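Observations on the model geometry
What follows is each chain in one-letter form.
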Amino acid sequence: MKAGAVGDLSVIDLPVQPGTPSGPSRSLIVIAGLIIGLMTGIGAAVVSRAYLQRVEDPASVQSALALPALAVLPFSAEQAKRERAMGNGQRAREPLLAEDEPSDAVVEELRGLRTSLQFLMPNVDRPILCVSGPVSGVGKSFIAANLARLSADAGMRVLVIDADMRRGHLHRYFGLPQSPGLSKFLSSAMDPVELIRSGGPECLNVVTSGLYPPNPAELLLRPAFGSLLDYAAANFDLVIVDAPPIMPVTDGIIVARQASINVVVAKAGEHRLRELEATLAKYRRNGVRPDGFVMNFLRSRAGGYGYYYGYRYESATSRT
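Everything numeric in this text was worked out from a predicted model, so none of it was measured.

1. Some thoughts on the overall build of the chain
Scanning the chain from N- to C-terminus turns up 13 helices and eight strands. Burial analysis of the chain (320 residues in total) assigns 44% to the buried set. Relative to all contacts within the chain whose residues are 6 or more apart in sequence, the contacts with residues 24 or more apart total 79%. Of the roughly 17,500 Å² that the chain leaves accessible, carbon and sulfur atoms contribute 55%.

Below is the structure:
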């Protein structure tokens, strides 16, 4: 009986070995991967450009900000070497490149900046130039000191004023003591003649920052600062004011409002475009119109292409 029992199962279809896998679909995975990867790459590029990318192209800054580039200063190996020597205690003062290496490429670009400013001067009532930047460390003091020296070499009577009474160090470029300076003049009755000191050449004069006071913004708002600039404008061909940075403190805007020409210094690879836009917005919000910007510390690109090509032009006597 056991052997003769009939089962209740029947074969519906015989199993057949498939030629291709039923899943997953390789073509679908490849297409989906390409689409997702493309979208992710585009999104990352947009985010990087809008929020993370730091500007290095003067043309893009000029186009985005509608502000002319007055000069593009390349990275100077000579300046870096001298700054390292000062850090090692081999130099007692900040290197003044226009004095030490007058044929350096940076100095040549600063001569171009001097020429650009000469075209702007006839359109203003007072020859007062304010040099500032978004933040500290962009090289505004370096530009102010060397531009002052080059202008004095051209026969102009120049006065350079260190109005950064928080971290100003312009006196180091000229080997002068920090005090007495601007802070003492603004906080006490002092004759401007007693404040002004020689910066080396006969035509170059300097006003140092003085000892750092606890209230620099309040001192700059006093009428004495305006009277000093009036005296300087009446007695010098060019007055260069090294102002504090614009974004961290209000001192820079106070100084900029007193100037006739305002130059913004930007360091290549240091700022995002939004930071520069915010800097210009702060200028304009306070009734100040920047006249141009200087791109500093621009390194030449691989292959030698870029805005700085390293051209060098020397007289025949310098090659002998």
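The discussion continues.
2. Quick word on the environment of K140
Note on placement: K140 falls in helix α6 (residues 140-153). A residue is classified by how much of its surface remains accessible, and K140, at 7% relative accessible area, is buried. Spatially, the C-alpha atom of K140 lies 9.1 Å from that of P244, the residues being 104 residues apart in sequence. Non-local contacts of K140, meaning those with residues more than four positions away in its chain, are made with V131, S132, G133, D164, D242, A243, P244, P245 and V265. Side-chain polar atoms of K140 contact the backbone oxygen of A243, separated by 2.9 Å.

3. Comments concerning the pairing of strand β7 (residues 261-267)
Most of β7 sits inside the fold, with six of its seven residues counted as buried. Following the backbone out of β7, through helix α13 (residues 273-285) and into the adjacent parallel strand β8 (residues 292-298), one traces a crossover that is right-handed.

4. Some details on the pattern of salt bridges
A pair can form between side chains of opposite charge whenever their charged atoms are brought close. A complete count under the given rule lists nine salt bridges for this structure. Between R149 and E99 there is a salt bridge, with the nearest N and O atoms lying 3.0 Å from each other. Remark: E99 occurs in helix α4 (residues 97-100) and R149 occurs in helix α6; sequence separation between them is 50 residues. Its relative accessible area of 37% is what places E99 among the partly exposed residues. E108 is paired through a salt bridge with R111; the nearest N and O atoms lie 2.9 Å apart. Taken together, the residues E108 and R111, both in helix α5 (residues 105-120) and three residues apart, mark about one turn of the helix.

5. Examining the sheet that holds β8
Spatial ordering of the open sheet is given by β1-β8-β7-β2-β6-β3-β5-β4, a layout of eight strands whose pairing is mixed. The open sheet has two free edges, formed respectively by β1 (69-74) and β4 (197-198), since each of these has just one partner strand. Across the face of the sheet, α6 comes into contact with β1, β2 (128-132), β3 (158-162), β5 (204-207), β6 (238-242), β7 and β8 while running at roughly 165° to β6.

6. Considering the packing of aromatic side chains
Within this structure, the stated rule accounts for one aromatic pair. An angle of 80° between the planes, with centres 5.0 Å apart, marks the rings of F75 and F297 as edge-to-face. Of this pair, F75 sits in the loop between β1 and α3 (77-87) while F297 sits in strand β8, and the two are 222 residues apart along the sequence. Of the residues examined, F297 reaches a relative accessible area of 31% and is grouped as partly exposed. The positively charged end of K267 is found above the aromatic ring belonging to F297, 4.8 Å away from the centroid.

The rules behind each value
Residues numbered from 1 in each chain as written. Predicted model: local features only at pLDDT ≥ 70, side-chain atom pairs only at ≥ 80, totals over all residues. Heavy atoms only, no water. Helix = DSSP H or I, 4+ residues; strand = E, 2+ residues; numbered from the N terminus. Buried < 20%, exposed > 50% of the residue type's maximum accessible area, 1.4 Å probe, protein only. Contact = heavy atoms within 4.5 Å. Areas by Shrake-Rupley, 256 points an atom, 1.4 Å probe, with all protein chains shown as cover. Polar contact = N/O pair within 3.5 Å; in protein donor to acceptor, adjacent residues only side chain to side chain. Right-handed = clockwise from strand over helix to strand, strands pointing away. Salt bridge = Lys/Arg side-chain N within 4 Å of Asp/Glu carboxyl O. Pairing = 2+ DSSP bridges. Axes fitted to C-alpha atoms, helices over the stretch in contact; angles between N-to-C directions. Phe/Tyr/Trp six-rings, centres within 6.5 Å; stacked < 30°, edge-to-face > 60°. Lys NZ or Arg CZ within 6 Å of the ring centre and 35° of its normal.

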